[in-house]
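Each chain, written out:
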Amino acid sequence: MYEIRNFTDNDDIRILEKLGAYTVIEYCRDLSVLPSEAQTAYFCNAMNVRKRQVICDLSVSDVIVQAGAMQWSVGNVNATTGVKGVGDLLGKALRGSVTGESAIKPEYTGDGTLVLEPTYKHILLLDLEQWNGSVVLDDGLFLSCEASLKQKAVARSNISSAVAGGEGLFNLGVTGKGILCLESACPKEELVEVNLVNDVLKVDGNMAIAWSGSLEFTVERSGKSLIGSAASGEGLVNVYRGTGKVLLAPVGKMPG
């Protein structure tokens, strides 16, 4: 049995969101500063540059975490590699090599509390039921997910998508039923959600941070011809086609 005091009940901490096994907290002020850092800390707070942290309640669900993201735990918490055999190890290693993600992400089981490292980035919680059970992520966003979710490498629809669109050949795809936790440079308040029903979204630049696995992603010329593309002032655009949704970060994510 354990009790945690002066954490989420601290008046300098506020709870931003709760979903599934996850609770996202934010430090309203950075009190651990020296006099020489006080001015920077003051303006950081005014511009919403604050430390945020994720708390995982393992009594709700086991979780898979990005390697190195764990800060502390209490109670019955067990860390495993999540590898279920040689074939699974090879599959994880291959997926990690092509997506740029860590090959082995530790899985935490039990019924205790796990706290992840603080970050100045924004924490996004996605319920995959709202994504028809499948989402594809831009590189570097994955922080954690409930262990009920499966990860896979998603290949581009064509080679031009990788070469011309400023993307890799593969992205990390997450499927199943559960909660996904992302670490984003852009806050939820600035994300634009585009819902497509048998339609097309064209984006000039690498601004999509997540999109439904049901969508086809390609890179195409903005015009029907090379002359048309030149006349419009645009060259190649990222195209998302089909039925699903796309999260865009037009402010916090610079175009590629």
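Shown above is the structure to which this text applies.
Read on for a plain summary of the structure. (Residues numbered from 1 in each chain as written. Predicted model: local features only at pLDDT ≥ 70, side-chain atom pairs only at ≥ 80, totals over all residues. Heavy atoms only, no water.)

1. Structural notes on a nonpolar patch on the surface
- Residues Met 47, Val 49 and Tyr 120 make up a contiguous nonpolar surface patch of roughly 320 Å² in combined accessible area.
- Residue placement: Tyr 120 occurs in the loop between strand 8 (113–116) and strand 9 (122–127). (Patch = residues over 30% accessible without salt bridge, like charges linked within 9 Å, V, L, I, M, F, W, Y side chains within 5 Å. Areas by Shrake-Rupley, 256 points an atom, 1.4 Å probe, with all protein chains shown as cover. Salt bridge = Lys/Arg side-chain N within 4 Å of Asp/Glu carboxyl O. Helix = DSSP H or I, 4+ residues; strand = E, 2+ residues; numbered from the N terminus.)

2. Section: the sheet that holds strand 1 (residues 13–19)
- A sheet is described by the order of its strands in space; here five strands give the open sequence 1-2-3-8-5, paired in antiparallel fashion. With one partner strand each, in any of the chains shown, strand 1 and strand 5 (70–74) form the two edges of the open sheet. Going from strand to strand, the sheet's axes swing by 20 degrees on average, the running direction of each strand aside.
- Of the strand pairs in this sheet, strand 3 (residues 52–57) and strand 8 are connected by three bridges, and their pairing is antiparallel. Pairing of Ile 55 across the sheet is with Val 115, part of strand 8. (Pairing = 2+ DSSP bridges. Axes fitted to C-alpha atoms, helices over the stretch in contact; angles between N-to-C directions.)

3. Focus on the pattern of salt bridges
- Counted under the stated rule, the structure contains nine salt bridges.
- Among the ionic pairs, Glu 26 bridges to Arg 14, the shortest N-O distance being 2.8 Å. Of this pair, Glu 26 sits in strand 2 (residues 22–27) while Arg 14 sits in strand 1, placing them twelve residues apart in sequence.
- Taking the relative accessible area as the measure of exposure, Glu 26 reaches 2% and is therefore buried.
- A residue is classified by how much of its surface remains accessible, and Arg 14, at 38% relative accessible area, is partly exposed.
- Here Arg 50 and Glu 26 are joined by a salt bridge, their closest N and O atoms 3.3 Å apart. Placement of Arg 50 in the loop between helix 1 (38–46) and strand 3 and of Glu 26 in strand 2 is noted, with a sequence separation of 24 residues between them. The exposure classification of Arg 50 matches that of Glu 26, with both residues buried.
- Through salt bridges that share partners, Arg 14, Glu 26, Arg 50 and Arg 52 make up one connected network. (Buried < 20%, exposed > 50% of the residue type's maximum accessible area, 1.4 Å probe, protein only.)

4. A few points about the pairing of strand 11 (residues 142–146)
- Taken across its five residues, strand 11 has five buried, putting it largely inside the fold.
- With three bridges connecting them, strand 4 (residues 63–65) and strand 11 associate as antiparallel partners. Bridging across to strand 11, Val 65 finds its partner in Ser 144.
- Note that strand 11 and strand 14 (residues 179–184) share three bridges and pair antiparallel. Bridge assignment links Phe 142 to a residue of strand 14, and that residue is Leu 182.

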